[in-house]
Amino acid sequence: MTCAIGCAKTIEEELNGIDGVQTASVDFEKKLATISFDKTILTTKNITKVVEATGNGKTYKVSNMKP
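Residues numbered from 1 in each chain as written. Predicted model: local features only at pLDDT ≥ 70, side-chain atom pairs only at ≥ 80, totals over all residues. Heavy atoms only, no water.

> Describe the overall build of the protein, naming the residues involved and giving the relevant values.
Each helix and strand in the protein was counted, giving two helices and two strands. For the protein, the sequential pattern of α-helices and β-strands runs α-β-β-α. Scaling as 2.2 N^0.38, a compact globule of 67 residues should have a C-alpha radius of gyration of about 11 Å, and the protein matches this with 11 Å. Structurally, the protein occupies a C-alpha span of about 35 × 20 × 20 Å along its principal axes. Counting all 67 residues of the protein, 25% fall into the buried class. Long-range contacts, defined here as pairs at least 24 residues apart, represent 23% of the contacts in the protein between residues at least 6 apart. Within the structure as shown, the protein displays about 4,900 Å² of accessible surface, and the carbon and sulfur contribution to it stands at 52%. Where the 9 positive side-chain charges of the protein centre and where its 8 negative ones centre are 9 Å apart. (Helix = DSSP H or I, 4+ residues; strand = E, 2+ residues; numbered from the N terminus. Rg over C-alpha atoms; globule rule 2.2 N^0.38 Å. Buried < 20%, exposed > 50% of the residue type's maximum accessible area, 1.4 Å probe, protein only. Contact = heavy atoms within 4.5 Å. Areas by Shrake-Rupley, 256 points an atom, 1.4 Å probe, with all protein chains shown as cover. Lys, Arg positive; Asp, Glu negative; His and termini not counted. Charge placed at Lys NZ, Arg CZ, Asp CG, Glu CD.)

Dropping the structure here:
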């Protein structure tokens, strides 16, 4: 398994495990995650924390988030 597949899958699983996330897909090559979520339950700040905490807490960073 390459990181591109494994890392994307890991981030997707973390995001899809959050209460309020309806769908999450990650394209590692494009460095893009598309997430549908309930804004009454989550904020983009919550989602950023989850992504950046995935792995060792230093590997993944969120930038250019568009609500």
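Moving on, there is more to tell.
> Any chance you could break down the side chain of T48 for me, citing the residues and the numbers?
In this structure, T48 sits in helix 2 (residues 44-53). With residues up to four places along the chain from it excluded, the contact list for T48 reads V62 and M65.

> So, the pattern of salt bridges: which residues are in play, and what are the values?
Pairs can form between side chains of opposite charge once their charged atoms are near each other. Considering all chains together, one arrives at one salt bridge under this definition. Among the ionic pairs, K9 bridges to E13, the shortest N-O distance being 3.8 Å. Separated by four residues within a single helix, K9 and E13 lie in helix 1 (residues 3-16), roughly one turn from each other. For K9, a relative accessible area of 48% translates into the label partly exposed. (Salt bridge = Lys/Arg side-chain N within 4 Å of Asp/Glu carboxyl O.)

> For the pairing of strand 2 (residues 32-37), give the residues involved together with the corresponding values.
For strand 1 (residues 21-27) and strand 2, the ladder comprises six bridges, and the chain directions are antiparallel. If you follow V26 over to strand 2, its bridge partner there is A33. The turn joining strand 1 and strand 2, which pair antiparallel and follow one another in sequence, is formed by four residues; a positive phi near 55° is taken by K31. (Pairing = 2+ DSSP bridges.)

> Outline the nonpolar core, supporting the account with residue identities and numerical values.
Within the largest apolar cluster, 13 residues are counted, with the highest numbers of intra-cluster contacts made by I11, L15, V21, L42, I47 and V51. The set of elements that each furnish at least two residues to this core consists of helix 1, strand 1 and helix 2. The greatest single-element share of this core, amounting to four residues, is contributed by helix 1. Excluding residues that lie within four positions of it along the chain, L42 makes contacts with I18, D19, G20, V21, F37 and I47. (Core = buried A, V, L, I, M, F, W, Y, C linked by side-chain atoms within 4.5 Å.)

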